[in-house]
Amino acid sequence: QVQLVESGGGLVQAGGSLRLSCVASGRTFSRYTMGWFRQAPGKEREFVAAVTTSGISTYYADSVKGRFTISRDNAKNTVYLQMNSLKPEDTANYYCASGLPQNSASAASYLYWGQGTQVTISS
């Protein structure tokens, strides 16, 4: 069974930066696509970014493109989300997910989920 643990959330002012980390258990980490999703109060969970097995292909939501960068270190079973130029609208609980999705941007396609880490951006 795969377990995902996110960390790195916190409170930061608009325009600041934050780096989230997600550590996965097991030796099959490198076989899975890794994704980041977020959910704000009263809103549905939305796609943020994803990276495929080899790290060659990455995908981003239009709302974060150019500001966020997803990367992975298979040797450490870890995926990262570097968030720059943060905006108040980025405030949400951020979730790490893994699986072999047909559509990397679809939350329903992922098999494993972390508990989330809160990111709050003050204006």
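Structure first, text after, so check above.
Note that the structure is predicted; figures quoted are calculated from it, not measured.

Calculation notes
Residues numbered from 1 in each chain as written. Predicted model: local features only at pLDDT ≥ 70, side-chain atom pairs only at ≥ 80, totals over all residues. Heavy atoms only, no water. Salt bridge = Lys/Arg side-chain N within 4 Å of Asp/Glu carboxyl O. Buried < 20%, exposed > 50% of the residue type's maximum accessible area, 1.4 Å probe, protein only. Helix = DSSP H or I, 4+ residues; strand = E, 2+ residues; numbered from the N terminus. Phe/Tyr/Trp six-rings, centres within 6.5 Å; stacked < 30°, edge-to-face > 60°. Pairing = 2+ DSSP bridges. Axes fitted to C-alpha atoms, helices over the stretch in contact; angles between N-to-C directions. Disulfide = S-S within 2.5 Å.

### Section: the pattern of salt bridges
Step number 1: In total, this model carries 4 salt bridges according to the counting rule given.
Step number 2: Here Arg 38 makes a salt bridge to Glu 46, at a shortest N to O gap of 2.7 Å.
Step number 3: The exposure class of Arg 38 is buried, given its relative accessible area of 5%.
Step number 4: Arg 67 serves as the salt-bridge partner of Asp 90, at 2.8 Å between the closest nitrogen and oxygen. Linking Asp 90 in the loop between β8 (78–83) and β9 (92–99) with Arg 67 in the loop between β6 (58–60) and β7 (68–73), this pair joins segments that are 23 residues apart in sequence.

### Notes on the packing of aromatic side chains
Step number 1: The tally for this structure, following the rule as stated, stands at 5 aromatic pairs.
Step number 2: Between Phe 37 and Phe 47, the ring centres sit 5.7 Å apart and the planes meet at 70 degrees, which makes this aromatic pair edge-to-face. Residue Phe 37 is located in strand β4 (residues 33–39), and its partner Phe 47 is located in strand β5 (residues 46–51); the two are separated by 10 residues in the primary sequence. Summarising the burial analysis for this pair, Phe 37 and Phe 47 share the class buried.
Step number 3: Centre to centre, the rings of Phe 37 and Trp 113 are 5.1 Å apart; their planes meet at 55 degrees, and the pair counts as tilted.

### Concerning the pairing of β8
Step number 1: Counting buried positions over the 6 residues of β8 gives 5, a clear majority of the element.
Step number 2: Sheet analysis places strand β3 (residues 18–24) next to β8, joined by 6 bridges and oriented antiparallel. Pairing of Val 23 across the sheet is with Thr 78, part of β8.
Step number 3: As judged from the 6 bridges shared by β7 and β8, these two strands associate in the antiparallel manner. Note that in β8 the partner of Phe 68 across the bridge is Met 83.
Step number 4: Where β7 folds back on β8, the antiparallel hairpin that results is connected by 4 residues, among which Asn 77 adopts a positive phi of roughly 55 degrees.

### A few points about the sheet that holds β7
Step number 1: If you trace the 4 strands from one edge of the open sheet to the other, you get β1-β3-β8-β7, paired in antiparallel fashion. At either end of the open sheet lies a strand with only one pairing partner, and these are β1 (4–7) and β7. For this sheet the average axis-to-axis angle between neighbouring strands, irrespective of direction, equals 15 degrees.

### Re the state of the cysteines
Step number 1: Tallied over the entire structure, the rule returns 1 disulfide.
Step number 2: Between Cys 22 and Cys 96 runs a disulfide, and the two sulfur atoms are separated by 2.1 Å. An S-S torsion of about -80 degrees defines the bridge between Cys 22 and Cys 96 as left-handed. Of this pair, Cys 22 sits in strand β3 while Cys 96 sits in strand β9, placing them 74 residues apart in sequence.

### Quick notes on unusual backbone geometry
It is generally the case that most residues other than glycine have a negative phi and that most peptide bonds are trans.
Step number 1: Backbone geometry at Asn 77 places phi at a positive 55 degrees, although glycine is not the residue there.
Step number 2: Inspection of the secondary structure assignment puts Asn 77 in the loop between β7 and β8.
Step number 3: One non-glycine residue, Ser 85, adopts positive backbone phi at about 50 degrees.
Step number 4: On the secondary structure map, Ser 85 appears in the loop between β8 and β9.

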